[in-house]
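Remarks on the overall topology
Here is what each chain is made of, one letter per residue.
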Number of protein chains: 2
Amino acid sequence: MPRLSKLSPERGDARTRLLEAARDIIRAKGFAATTVDDLCKQAEVTKGAFFHHFGSKEALGVAVAEFWADTTAAFFEAAPYHLPDDPLDRVLAYVAFRKAIIVGELAEFTCLVGTMAQEVYATSTDIREACGKSIFGHAATLEADIEGAVRARGIRGDWTPESLARHTQAVIQGGFVLAKAGNNPDLARESLDHLDRYIRGLFNLPKEAAQ
Amino acid sequence: MPRLSKLSPERGDARTRLLEAARDIIRAKGFAATTVDDLCKQAEVTKGAFFHHFGSKEALGVAVAEFWADTTAAFFEAAPYHLPDDPLDRVLAYVAFRKAIIVGELAEFTCLVGTMAQEVYATSTDIREACGKSIFGHAATLEADIEGAVRARGIRGDWTPESLARHTQAVIQGGFVLAKAGNNPDLARESLDHLDRYIRGLFNLPKEAAQ
DNA sequence: AAGTACATACTATACAGTCGGTATGTAATA
DNA sequence: TATTACATACCGACTGTATAGTATGTACTT
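Residues numbered from 1 in each chain as written. Chains lettered and ligands numbered in written order. Predicted model: local features only at pLDDT ≥ 70, side-chain atom pairs only at ≥ 80, totals over all residues. Heavy atoms only, no water.

Considerations on helix α8 (residues 125-153) of chain A
Residue and element names in this part refer to chain A. Worth spelling out the cut-off: Strands here are runs of E lasting at least two residues and helices are runs of H or I lasting at least four, both read from the DSSP assignment and numbered beginning at the N terminus. The span expected for a helix works out to 1.5 Å for each residue beyond the first. The quantity called bend is, for any residue, the angle between two axes fitted respectively to the seven residues ending at it and the seven beginning at it.
Here α8 is 29 residues long and its end C-alpha atoms lie 41 Å apart, about the 42 Å a rise of 1.5 Å per residue gives. Leu-142 marks where α8 bends most, by close to 30°. Once α8 finishes, Gly-154 follows within two positions and takes phi at roughly 60°, a positive value.

Observations regarding the nonpolar core
Operational definition: Residues grouped as a nonpolar core are buried Ala, Val, Leu, Ile, Met, Phe, Trp, Tyr and Cys residues, joined through side-chain atoms within 4.5 Å. Type-normalised accessible area, obtained with a 1.4 Å probe on protein chains alone, sets the label of each residue: buried when under 20%, exposed when over 50%, and partly exposed for intermediate values. We call two residues in contact whenever any of their non-hydrogen atoms come within 4.5 Å of each other.
Core analysis: the biggest nonpolar cluster contains 139 residues, and Met116(A), Phe203(A), Met116(B) and Phe203(B) have the highest contact counts within it. Beyond its immediate stretch of four places on either side in the chain, Phe203(B) contacts Leu88(B), Ile146(B), Ala149(B), Val150(B), Arg153(B), Ile155(B) and Trp159(B).

As for the packing of aromatic side chains
Cut-off, in case you're wondering: A pair of Phe, Tyr and Trp rings is counted when the ring centres sit within 6.5 Å of each other, with Trp represented by its six-membered ring. The angle between the planes then sorts it: under 30 degrees is stacked, over 60 is edge-to-face, the rest tilted. Over a ring means this: the NZ of a Lys or the CZ of an Arg is within 6 Å of the ring centre and within 35 degrees of the ring normal.
Here the structure, examined in full by the defined rule, presents 22 aromatic pairs over all chains. A centroid spacing of 6.1 Å and a plane angle of 80° characterise the contact between Phe76(B) and Phe97(B), whose relative ring orientation is edge-to-face. With Phe76(B) in helix α4 (residues 57-77) and Phe97(B) in helix α5 (residues 87-100), the pair connects residues that are 21 residues apart, well separated along the chain. The exposure class of Phe76(B) is buried, given its relative accessible area of 8%. Taking relative accessible area as the criterion, Phe97(B) reaches 15% and is therefore assigned buried. Between Trp159(B) and Phe203(B), the ring centres sit 6.0 Å apart and the planes meet at 75°, which makes this aromatic pair edge-to-face. Here Trp159(B) is found in the loop between α8 (125-153) and α9 (161-182), whereas its partner Phe203(B) is found in the segment after α10 (186-202), with 44 residues between them in sequence. Among the residues examined, Phe203(B) registers a relative accessible area of 4% and is labelled buried. Members of the aromatic cluster, connected to one another through ring pairs, are Phe75(A), Phe76(A), Tyr81(A), Tyr94(A) and Phe97(A). If you follow Lys57(B) out to its NZ or CZ, it ends over the ring of Phe31(B), 4.6 Å from the centre.

With respect to unusual backbone geometry
Phi angles above zero are rare outside glycine, and Glu44(A) is one such case at about 55°. Position of Glu44(A) relative to the elements: it lies in the loop between α2 (36-43) and α3 (47-53). Residues other than glycine seldom take positive phi values, yet Asn204(B) does so here, at roughly 55°. Summarising the element assignment, Asn204(B) is placed in the segment after α10.

What to know about the pattern of salt bridges
Residue and element names in this part refer to chain A. Stated formally: For salt bridges, the criterion is a side-chain nitrogen of Lys or Arg within 4 Å of an Asp or Glu carboxyl oxygen.
Under the criterion given, the structure shown has 26 salt bridges over all chains. With its nearest N and O atoms 2.7 Å apart, the salt bridge here joins Arg-189 to Asp-186. Taken together, the residues span about one helical turn, with Arg-189 and Asp-186 both in helix α10 (residues 186-202) at a distance of three residues. Classification of Arg-189 by relative accessible area gives partly exposed; the value is 23%.

Considerations on the interface of chain A and chain B
Note the cut-off: Two parts lose some accessible area (1.4 Å probe) when they are put together, and adding that loss for both gives the buried area. Polar contacts, as counted here, are pairs of nitrogen or oxygen atoms within 3.5 Å of one another; within protein the pair requires one atom able to donate a hydrogen and one able to accept it, and residues that are adjacent in sequence qualify only if both atoms are side-chain atoms.
Listed per partner, the contact involves 52 residues of chain A and 52 residues of chain B. Where chain A abuts chain B, roughly 4200 Å² becomes buried across the two surfaces, and 60% of that area is made up of carbon and sulfur atoms. The largest contributions to the chain A side of the interface with chain B come from Gln118(A), Tyr121(A) and His194(A), which together make up 17% of the buried area. Along the contact surface separating chain A from chain B lie four salt bridges. We note a salt bridge from Arg166(B) to Glu190(A), for which the minimum N-O separation is 2.7 Å. At the surface where chain A touches chain B, the tally comes to 20 residue pairs in polar contact (both at pLDDT 80 or more).

Remarks on the relation of the copies chain A and chain B
Spelled out, the test is: The fit set for superposing copies consists of C-alpha atoms from residues with pLDDT of at least 70 in both; the fit itself is least squares.
Superposing chain A onto chain B requires a rotation of 180° together with a translation of 0.0 Å along the rotation axis, leaving an RMSD of 0.0 Å. Considering both components of the superposition, the chain copies are consistent with a two-fold axis. Considering only C-alpha atoms, the residue of chain A closest to the rotation axis is Gly174(A), which sits at 1.8 Å. The residues that chain A uses at the interface reappear at the interface of chain B in 100% of cases, marking a shared surface.

Some words on the packing of helix α9 (residues 161-182) of chain A against α10(A)
Residues and elements named next belong to chain A. As a reminder of what qualifies: Geometry is summarised by axes, namely lines fitted to C-alpha atoms with helices restricted to the contacting stretch, and by angles between N-to-C directions that run from 0 to 180 degrees. We call two directions roughly parallel when the angle between them is under 35 degrees, roughly antiparallel when it is over 145, roughly perpendicular when it lies between 65 and 115, and oblique otherwise. A clockwise turn of the near helix away from the far one marks a right-handed crossing, whereas an anticlockwise turn of less than a right angle marks a left-handed crossing. Classes in brief: Ala, Val, Leu, Ile, Met, Phe, Trp, Tyr, Cys and Pro nonpolar; Asp, Glu, Lys and Arg charged; the others, Gly included, polar.
Contact geometry for α9 and α10: axes closest at 7 Å, N-to-C directions at 155°. Relative to α10, α9 is oriented roughly antiparallel. Seen along the crossing, α9 lies across α10 with a hand that is right-handed. Of the residues in α10, those in contact with Leu-164, His-167, Thr-168, Val-171, Ile-172, Gly-175, Phe-176, Leu-178, Ala-179 and Gly-182 of α9 are Leu-187, Ala-188, Ser-191, Leu-192, Leu-195, Tyr-198 and Leu-202. A per-class count over the contact of α9 with α10 returns twelve nonpolar, five polar and no charged.

Description of α2(A)
Side chains that are three or four residues apart share a direction in an α-helix, a result of its 3.6 residues per turn. All names here are of chain A. Note the threshold: Directions pointing from the helix axis toward each C-beta atom define the arc.
The complete set of buried residues in α2 reads Val-36, Leu-39, Cys-40 and Ala-43. With its buried residues spanning 95° around the axis, α2 presents them on a single face. Glu-44 occupies a position one or two residues after α2 and carries a positive phi of about 55°.

A few points about the state of the cysteines
All names here are of chain A. This is how the line gets drawn: In plain terms, two cysteine sulfur atoms within 2.5 Å form what is called a disulfide here.
Across all of its chains, the model carries zero disulfides over all chains by this definition. With no disulfide partner, Cys-131 has as its closest neighbouring cysteine sulfur the one in Cys-111, 8.1 Å distant. In this structure Cys-131 comes out as buried when scored by relative accessible area, which is 0%.

Here's the deal with the side chain of Arg197(B)
By secondary structure assignment, the location of Arg197(B) is in helix α10. With near-sequence residues (within four places) excluded, Arg197(B) lies in contact with Asp158(A), Trp159(A), Tyr198(A) and Leu202(A).

A short note on the environment of Ala73(B)
All names here are of chain B. When you line up the elements, Ala-73 lands in helix α4. You can call Ala-73 partly exposed: its relative accessible area is 37%. With 92 residues separating them along the chain, Ala-73 and Ala-165 place their C-alpha atoms 15 Å apart.

See below:
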């Protein structure tokens with residue numbers, strides 16, 4: 001139950017503002033290079049507020065990973081790729097959707113928890129686990145459609161729906177790494193085209209130019 | 001012309017020792033969380049030596065990315081995946097080789113420049129560019145074999161050898177991200193199996209269990 | 001003699017985290 | 001209804017330490 005400040009009630013509560021600031025700044029600078037003062041400045045709150053809501057910088061890292069998991073879950077649940085009747089069409093629509101939302105600056109479309117996991121996997125178990133939950137939780141939302149597609153089309157391969165679901169995430173994350181290294185969003189889109197082609201191949205669809 | 005210390009001439013020169021320390025520590029903790037003192041301690045040199053060889057911490061970041069590019073280039077050049085006569089076999093052998101070298105701890109097989117690029121892409125243009133050079137330079141070493149395979153097998157698809165070469169790197173990098181997030185090297189191997197299957201599909205090879 | 005390759009001691013600052021305090025809301029009770 | 005008691009949300013000055021970087025000196029090589 002966040003309290004709104006009487007002085008500037010339109011700002012939203014400090015905790016949420018800090019999480020939003022963390023999401024934006026950590027995506028650009030990384031976790032270690034982001035200071036508590038950076039976050040307070042961006043969120044327009046003081047350090048008192050920061051340490052009132054989060055016991056430590058690491059605790060904020062865990063909280064922002066969970067915040068990311070929650071907000072992205074809602075975002076993808078509401079996305080239109082669930083509309084097709086055929087499960088395989090939904091899977092392909094997901095890939096197309098992931099490609100379509102790659103717009104604007106790198107820090108606006110890349111993945112907070114992928115970036116954080118890479119950085120802190122050896123230094124903070126808590127943050128790593130929160131990031132893992134977000135990534136693999138999202139991957140799991142794809143399994144039902146993949147499984148449905150396998151069933152509906154009578155596919156028999158030496159791979160599992162869980163494995164393919166995780167692979168989609170690996171391709172997406174890897175595309176982000178290349179996009180950052182090359183400073184070019186096209187590199188992320190390019191790998192999604194290969195992923196689309198791969199999935200079509202797995203299900204014996206006629207080859208079709210990926211959009 | 002590195003001078004060997006009279007006290008312990010077997011140590012090797014300080015610059016190389018610092019680069020090796022940077023490679024190992026940054027892979028585990030990330031660039032920002034790695035301090036100059038960490039590096040000096042691990043390399044068993046003093047800060048004087050550090051700032052004698054590198055003008056700043058950022059300059060070391062650039063140097064270690066170049067060091068990585070050089071050492072990995074030599075490593076992959078000497079690797080056995082170049083032996084097969086057929087270019088497609090060489091491409092598949094590359095993927096198998098990348099899978100085979102995923103052994104031991106995460107920090108021992110993951111990619112320094114992929115990790116660094118993710119972290120510093122917005123804060124250090126110099127380091128980002130050095131990382132990009134390493135990644136895309138390595139990708140380029142695959143192009144000739146892919147091109148040869150396309151030619152030899154008369155493949156006609158809506159993709160280019162350059163693009164597929166980059167995609168292999170995206171899958172590898174993404175596999176590392178998932179392996180870190182899930183604290184499980186199998187996740188990196190799993191995506192290489194999908195990559196193997198994808199390439200076989202592109203070249204109309206009979207489906208075969210990836211090893 | 002001059003340059004290279006270090007070592008040692010030091011500095012200024014940036015950083016995470018602390019602490020005493022205030023303002024506001026809420027619930028019980030007299 | 002007024003009072004008391006307590007909880008929550010936040011403020012901002014302060015602290016100890018960690019950190020990148022510097023200044024100076026020395027040993028070895030050419």
